[in-house]
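Inside the fold
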Amino acid sequence: MDTLVLLAQGFIGMFNKGGETFIGLVSGIVPTLICLLVAMNAIIRFVGTEKVEKFAHMCAGNIFTRYAVLPVITAFFFCNPMHLSLGKFMPERYKPSYYAAATRSAHTLNGLFPHVNPSELFVYLGIANGITQLGLSPVDLALRYFLIGILINFIGGVITDFTTAYVSKQQGVVLSNKVKTIHEN
């Protein structure tokens with residue numbers, strides 16, 4: 001009988017922990033994301049959807065700005081994961097590549113700008129702690145992490161471009177070079 005009671009307590013305990021996690025999200029990151037979403041949409045409305053789409057199309061036209069500059073700027077200002085939503089302004093053929101570059105930028109900016117992805121700051125801090133114990137400067141680590149990160153973002157975006165083009169051709173899917181408007185998304 002004790003075993004059955006323990007199993008029942010363990011079973012309901014799993015759902016209790018899930019509820020605690022849910023409450024933590026509702027009182028933690030969810031309001032922040034909602035506020036960021038509202039702010040981003042307000043900025044888009046103030047600036048004008050057409051101007052934002054034109055800017056995104058301009059950035060998408062240059063491989064350097066598309067995968068090295070835009071993901072870093074959006075991650076710095078909108079943080080992780082909100083910066084990924086700006087990919088909706090990219091032409092359809094570049095959305096997978098923008099996502100690939102932008103997700104990496106959320107990690108590689110942590111050394112210099114911990115606000116970008118605080119949930120994974122422990123990875124960088126663990127490495128920085130080891131570097132410090134070796135008598136090396138964590139500032140050098142942060143700068144290298146940032147610069148190598150931009151290079152890796154760029155390479156990942158370019159590789160994803162080729163992969164997307166290959167799979168699209170293989171599957172007979174034609175990806176548009178047009179930016180879909182807000183109303184089409």
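Conventions adopted
- Counting restarts for each chain, with residues numbered from 1 along the sequence as it is written.
- For a predicted model such as this one, the threshold for reporting local features is a pLDDT of at least 70, and the threshold for listing and counting side-chain atom pairs is 80 or more; totals across whole chains, interfaces and linings nevertheless cover every residue.
- The side-chain figures draw on all heavy atoms in the structure; neither hydrogens nor water molecules are used.
- Fitted lines through C-alpha atoms give the axes, limited to the stretch in contact for helices. The angle between two N-to-C directions lies from 0 to 180 degrees.
- In this description a helix means any DSSP run of H or I spanning at least four residues, a strand means any run of E spanning at least two, and both kinds are numbered starting from the N terminus.
- Comment on the angle field: the value is read as roughly parallel under 35 degrees, roughly antiparallel over 145, roughly perpendicular from 65 to 115, and oblique elsewhere.
- By the convention used here, residues are in contact when the closest approach between their heavy atoms is within 4.5 Å.
- Ten residue types, Ala, Val, Leu, Ile, Met, Phe, Trp, Tyr, Cys and Pro, are classed as nonpolar, four, Asp, Glu, Lys and Arg, as charged, and the remainder, Gly among them, as polar.
- Here is the rule for handedness: rotate from the far helix to the near one, and if that takes an anticlockwise turn smaller than a right angle the crossing is left-handed, while a clockwise turn gives right-handed.
- Within this scheme a cavity is a closed region of a 1 Å grid, computed over the protein atoms alone, that accommodates a 1.4 Å probe without allowing it to escape, whereas a pocket is open but has protein on both sides within 12 Å along at least five of seven lines; lining residues each have an atom within 4 Å of a point.
- Grid points are joined across faces, edges and corners, and a volume is the space filled by probe spheres set on the points.
- Any Lys or Arg side-chain nitrogen found within 4 Å of a carboxyl oxygen on Asp or Glu counts as a salt bridge.
- Only protein chains enter the area calculation, which uses a 1.4 Å probe; residues under 20% of their type maximum are buried, those over 50% are exposed, and those in between are partly exposed.

For the pair helix α3 (residues 49–61) and helix α4 (residues 63–78), the least separation of the axes is 4 Å and the interaxial angle reads 105°. It follows that α3 is roughly perpendicular to α4 by the angle criterion. Judged by residue contacts, F55, M58, C59, A60 and G61 of α3 engage I63, T65, R66 and L70 from α4. Partitioned by chemical class, the residues of the contact of α3 with α4 number six nonpolar, two polar and one charged.

It is at 9 Å that the axes of α4 and helix α7 (residues 138–171) come closest, and there the two elements cross at 130°. Judged by the angle between their axes, α4 and α7 are oblique. Where α4 crosses over α7, the two elements pack in a sense that is right-handed. Between α4 and α7, the residues in contact are I63, F64, R66, Y67, A68 and V72 and F146, I150, N153, F154, G157, V158 and D161, respectively. Here the contact of α4 with α7 is composed, by residue class, of nine nonpolar, two polar and two charged.

In this structure, the largest pocket spans a volume of roughly 340 Å³. Along its surface, the largest pocket is lined by 18 residues, and V52, F55, T74, F78 and L86 are the ones closest to its centre. Elements with a minimum of two residues in the lining of the largest pocket: α2 (29–47), α3 and α4. Looking at side-chain class alone, the lining of the largest pocket contains 16 nonpolar, one polar and one charged residues.

Inspection of every chain in the model, using the stated rule, returns three salt bridges. With its nearest N and O atoms 3.6 Å apart, the salt bridge here joins K17 to E20. Pair noted here: K17 and E20 are both in helix α1 (residues 2–27), with a separation of three residues, about one helical turn. What makes E20 partly exposed here is its relative accessible area of 49%. A salt bridge links D161 to R66, with the nearest nitrogen and oxygen atoms 3.5 Å apart. Here D161, found in helix α7, pairs with R66, found in helix α4; they are 95 residues apart in sequence, far enough to count as distant. Here the two residues D161 and R66 agree in accessibility, since each one is buried.

This is a description of form; function is not addressed.
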